[in-house]
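# What the coordinates show
Each chain, written out:
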Amino acid sequence: MRTTHGRVLMLTFSGLMAFCAADGFAQRVQIEAAAGSPFGVGRVIIPATAAMAGDPWADGRIDLLERNGRALYPALTDGPVRQIFRNLVGGLGTRRQIVIHFLFTGNEALELVVKAPDAVPLRALPKNVPAGRFRGLLTAWWREYSRSAQRHARSGDYPGVIDNYLTSMLARRLSLQPPNLEQRGLFTPPANDGLELLLGTERMLGRIQRHDLLTTAVSAAVLRPAPAEPAWPAIQYPAVNGQVGIEPLAVAVPEAFFYLRCGTYANYVWLQRIMNEWGAVRNMITERGVDHGIDAKIERLLGLEDTALSRAFGGTIISDVAFVGADPFLEEGPAFGMLFEAANNFLVRRSLSKQRNDALVKEGEDAKETTVDIDGQKVSFASSPDGGLRSYYAAAGDYHLVTTSKTMMGEFLAVNKARGKGSIGTSAGFRYARSLVPLERDDTLLLYLSDAFFRRLASPPYRIEMARRLRSVAEIQSLRLAKLAAAAEDRPGETIADLIASDMLPRGFGRRADGSRILVGDDGTMTDSLRGKPGLYLPVADMELGQVRQSEAAEYAEFVRAYRSSPSRMDPMVVGIKRIPTETPGLEAISIDAHIAPLRAAQFQRLSQFLGTPRTARMSPLPGELARIDGIGPQNNYLFFRVQDFRPPLTVRDGKVQWGLPNYETLRAYLGGAPSLGIIESLVSLISGRPDNRRVAGYTQLPLGLWRWTDAGKILFSFKRQVIDEVVPQLRFVETARPAQVRIDIDDLSRREIAWAINAYGYEHARKVSIGNTAFLQSLTRQVHAPRAEAMKIAEDLIGAKLVCALQGKYRQEVDSDAGFWISTAWSGANRNVLTELPGDYVFPVLRWFRGMTAELVAQPDILSLHAELLMQRKPPQKGIAWPDFFQRPDPKKDAPAEPAIPKVELPEFELPDVELPDAEELPPPRPAPRPAPKKAPKKKPAD
């Protein structure tokens, strides 16, 4: 690797040495190299040769290399404070000087090249310096190195795996204080958030990795029995009067499963098309920089492939369908399944068996189908060696389950054997949920998360195994990086023992309570000996917990304490989603009703204390308004905030989208209250300052250009007096259909002036995400000297996902050599190196489909309810259908004719008639009429 660097750098070195000496440039460079062990510390200060806005360190325009690869772990002295200072005294984007700190090995002369952006060759001989000076250089390097890692963690656009490993490894080796790499974004949930405690696997992964890599002592592997299930408080559901309709499918689903019911096969097709159009729901909001391929992964795991034929005719043989699961860990390896209610048992069984057989053929000859015994019942199990296909299939009466989890299959069979006892459909919680979202609504989708589902996630087997599998992922990531770092430092690193001896990994690395270990294949593939391949791990539900370490028991006890005291523990939830026809082609209306009840979470209960009594009256919407937020304050005062259409005066400065004027007079918005704004009025006055003496006809001029208007029973604030003049005569209360405490209305923004600003900020964010990936690739080559030709594969193996450009470009190296750097093909023209102008053809994802929304919230001490209606623009459906070949030639091995052979007869050629089928989404629902009570389950038959 060092010789690879050398070939490129020597060309640069020899070509530029004469230039630097000629103009005296090299004499203006300051370089210091203090010898030390295990590392020396160096610093380079070089005048900037050009103004470079944006982040040239991330994209490779500024870099530091050493001929023999001895320069390690460099850090650029930069940051927000320094950027602000440059803007004030040095001009936009101008760097007066470039300061790079780095570590190095050995005492021989360093042959460096600093790119700034032109390559500057440097030579320095390490010297012995006083201990105080060495410590000062080391402290300065660590300060800048830690700040860089913290900026990455705060941005959220940069995978943190490299920073987690390197900062922890270096802090342990050099006895330094590790930086705090916890994300602290505006929308980052607090550490004691209930959802974060249960499902926060990404943050938990980072914590585990940093903790384990900082560990210096090896504790004895003392095992003890697993902790007992905590005594979680029981839920008392409100009494439900009268009959409540329960669909039969729910009686076949164990209570501890999540339950996403589609109702009809046509509804399932609709959901699949939504996912196919956008890849994932979160991609509908903003672009992502990674693709975990969850849809393809689930399809492969189950061995079920959605085809044009199944979409067209599935509704004739399937009367109900639902997604079910024991956990939501889709990225790591889920306990997930699809449950079908058959209208024709024979055809459903045949269809599912054929799809799984096709999956076996697709996987290759090593894949196989076996029959396993689960609680005395025969179950078909299709699998592949790498765990990519893991499909259990069995039927109980009319209900057919295909799942990735043996445990789920066992629970499904047990519930149906017990004629629905222990199911969602017979539980008090679901009966109450169905009273809130009645079956008669005929929802397109119904999501139900039971208390039993959340209790399972918080149970000792789930929580401890969840930590174990995350520790397994963290160890595999650390092992990959440790091998690269050892090669960069020229230390032994073939085995884990070598890496521990080289101090790249801590003592005790890889010791686990369950006896599992990391297996490394001949091709470098790493797997867990018990769980399998990362991303395809055995489901948590299928893992035997066994005994645990004292540390694991202590961690679980701390989790129980934190979860009990969490202000937002997870309570049962039901969400009904219904499609509503519209007269506009391609436009869909979706009605959403969500309820969290009964409420125990203090956070939600306190929310009701900040809101007044729900009312049907609201302040009238006015023409030209884009967004409206209305609410009832704790003193029952009415609050409203409205935004009118306008074109913000945005400009691009130093690679960022900024407000182009010194004030906000162009902002067409107003904040009002009736009769007052309460505490909000005091807060606005505190921020804006004391008013001046200009008071005209109810108006008061406040600092910062803010106007206040008051009259009998109303108060308004706005940056534009004209806005107040226009809206005051039109303000009045109107009646609505439903009472609410908070109302939010957002109109179609795609054809408004404000779309310019949304696209501008959206493009800036997408570009940051795109640059974050190239910075990640750049960091691999810069920090651990990963070969550039292999950097993409190494990066994707580390994070277990594909790196994708948020701007729909492709990543490539700028030049085909180790001296190149990573760019995206979407960066072009004036925006090639840094954002300088806003493209006119970019459309933020939300604006592609969002056509309006209304939402109403009611928060009471025992229930939190949301009603929303959403308008969505769909992509044009694909026309036509892939007809199957009904006249396949017989397989001679399977269908050989008996003797005497039938003479071969040539069939005349003909064409299938041109038949136009209706779109599958528009097929009439074939499901039978709702049945109020579950039917008696027939005698079980073994699976084919």
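Before reading further, recall that the structure is shown in the block above.
As the structure is a computational prediction, the values presented were derived from the model and not from experiment. (Residues numbered from 1 in each chain as written. Predicted model: local features only at pLDDT ≥ 70, side-chain atom pairs only at ≥ 80, totals over all residues. Heavy atoms only, no water.)

Moving on to the sheet that holds strand β3 (residues 63-66). Spatial strand order, β3-β6-β7: 3 strands in an open sheet with antiparallel pairing. Looking at the sheet topology across the chains shown, the edges are occupied by β3 and β7 (119-124). For this sheet, the mean angle separating the axes of adjacent strands, direction not counted, is 25°. Pairing analysis gives 4 bridges linking β3 to strand β6 (residues 110-115), with the strands arranged antiparallel. Within the sheet, the bridge partner assigned to L64 lies in β6 and is V114. (Pairing = 2+ DSSP bridges. Helix = DSSP H or I, 4+ residues; strand = E, 2+ residues; numbered from the N terminus. Axes fitted to C-alpha atoms, helices over the stretch in contact; angles between N-to-C directions.)

Y73, W141, Y165, Y259 and L780 are the most contacted members of the largest nonpolar core, which has 186 residues in total. Considering each element in turn, this core owes the most residues, 15 residues, to helix α15 (residues 460-488). Ignoring anything within four residues of it in the chain, the contact list for L780 reads I162, L481, L484, H785, A786, A791, I794, A795 and L798. Within the second largest apolar cluster, 20 residues are counted, among which are A33, L64, A71 and A124. (Core = buried A, V, L, I, M, F, W, Y, C linked by side-chain atoms within 4.5 Å. Buried < 20%, exposed > 50% of the residue type's maximum accessible area, 1.4 Å probe, protein only. Contact = heavy atoms within 4.5 Å.)

Now for the packing of aromatic side chains. Taken as a whole, this structure holds 25 aromatic pairs when the rule is applied. Pairing Y638 with F640 gives two aromatic rings, centres 6.3 Å apart and planes at 40°, and the pair type is tilted. With respect to burial, Y638 and F640 carry one shared label: buried. A network of ring pairs unites the aromatic residues F258, Y265, Y268, F323, F336, F453 and F454 as a single cluster. For R721, the ring lying beneath its charged end belongs to Y699, and the centroid distance is 4.3 Å. Sitting over the face of the ring of W707, R721 holds its NZ or CZ atom 5.5 Å from the ring centroid. (Phe/Tyr/Trp six-rings, centres within 6.5 Å; stacked < 30°, edge-to-face > 60°. Lys NZ or Arg CZ within 6 Å of the ring centre and 35° of its normal.)

In this section: unusual backbone geometry. The residue after S37, namely P38, is reached through a cis peptide bond having omega 5°. Inspection of the secondary structure puts P38 in the loop between β1 (30-34) and β2 (40-47). Cis geometry is found at the peptide bond from A597 to P598, where omega equals -10°. In this structure, D375 takes a positive phi of about 55° despite not being glycine. Positionally, D375 belongs in the loop between β13 (368-374) and β14 (377-383). Not every positive phi belongs to a glycine, and D503 is a case in point at roughly 70°. Locating D503 in the fold gives a position in the loop between α16 (496-501) and β18 (518-520). Residue D503 is classed as partly exposed on the basis of its relative accessible area of 32%.

Moving on, we come to the sheet that holds strand β5 (residues 97-104). Here 4 strands make up an open sheet; going across it, the order is β1-β2-β5-β4 and the pairing antiparallel. Since the sheet does not close on itself, it has two edges, and those belong to β1 and β4 (71-76), each with one partner. Direction aside, the axes of adjacent strands within the sheet are offset by 15° on average. Relative to β5, β4 is paired through 4 bridges, and the arrangement is antiparallel.

Let's shift gears to the pairing of strand β12 (residues 336-342). Of all 7 residues in β12, 7 are buried, a share of seventy percent or more. Residues F336, M338, F340 and A342 of β12 are buried on one face, and the alternating residues G337, L339 and E341, pointing to the opposite face, are buried as well. As paired strands, strand β11 (residues 318-325) and β12 are joined by 7 bridges and run antiparallel to one another. Considered in β12, the bridge of V324 is made with G337. Two strands pair when backbone bridges link them, and β12 and strand β16 (residues 399-403) are joined in this way by 5 bridges, in the antiparallel orientation. Note that in β16 the partner of M338 across the bridge is V402.

Our next topic: the environment of L446. Within the secondary structure, L446 is located in strand β17 (residues 445-449). For the pair formed by L446 and I577, sequence separation is 131 residues and the distance between their alpha carbons is 6.3 Å. Filtering out sequence-adjacent residues up to four positions away, L446 remains in contact with E247, Y259, L260, R261, F430, R434, V437, V574, V575 and G576.

Turning next to the pattern of salt bridges. Counted under the stated rule, the structure contains 45 salt bridges. When the shortest N-O distance is used, the salt bridge between E552 and R468 registers 2.8 Å. Note that E552 is positioned in helix α17 (residues 550-565) and R468 in helix α15, a separation of 84 residues in sequence. The class for E552 is buried, based on a relative accessible area of 10%. A relative accessible area of 6% means that R468 is categorised as buried. (Salt bridge = Lys/Arg side-chain N within 4 Å of Asp/Glu carboxyl O.)

Once that is clear, we can look at the pairing of strand β15 (residues 390-396). Extensive coverage of β15 is indicated by the burial of 7 of its 7 residues. Going residue by residue along β15, you find R390, Y392, A394 and A396 tucked away on one face and S391, Y393 and A395 tucked away on the opposite face as well. Where β14 meets β15, 4 bridges bridge the pair, whose relative direction is antiparallel. Bridge assignment links A382 to a residue of β15, and that residue is S391. The turn joining β14 and β15, which pair antiparallel and follow one another in sequence, is formed by 6 residues; a positive phi near 80° is taken by G387. Of the pairings in the sheet, the one linking β15 to β16 comprises 5 bridges and is antiparallel in character. Counted as the bridge partner of A395 is H400 from β16.

Taking 1.5 Å as the rise per residue, α15 with 29 residues should run 42 Å; its terminal C-alpha atoms sit 41 Å apart, in good agreement. Taking burial as the measure, the 29 residues of α15 include 26 buried ones, the bulk of the element. (Expected span 1.5 Å × (residues − 1).)

What follows deals with helix α7 (residues 201-214). Its 14 residues place the ends of α7 20 Å apart at the C-alpha level, agreeing with the 20 Å of an ideal helix rising 1.5 Å per residue. When α7 is considered as a whole, its buried residues turn out to be T201, R203, M204, L205, G206, I208, Q209, R210 and L213.

Let us look at the side chain of E552. Engagement of the side chain of E552 in a polar contact is seen with the backbone nitrogen of R549, the distance being 3.0 Å. Discounting chain neighbours no more than four positions away, the residues touching E552 are I464, R468 and A513. (Polar contact = N/O pair within 3.5 Å; in protein donor to acceptor, adjacent residues only side chain to side chain.)

Among the secondary structure elements, S155 is positioned in helix α4 (residues 131-155). Overall, S155 belongs to the partly exposed group, its relative accessible area being 35%.

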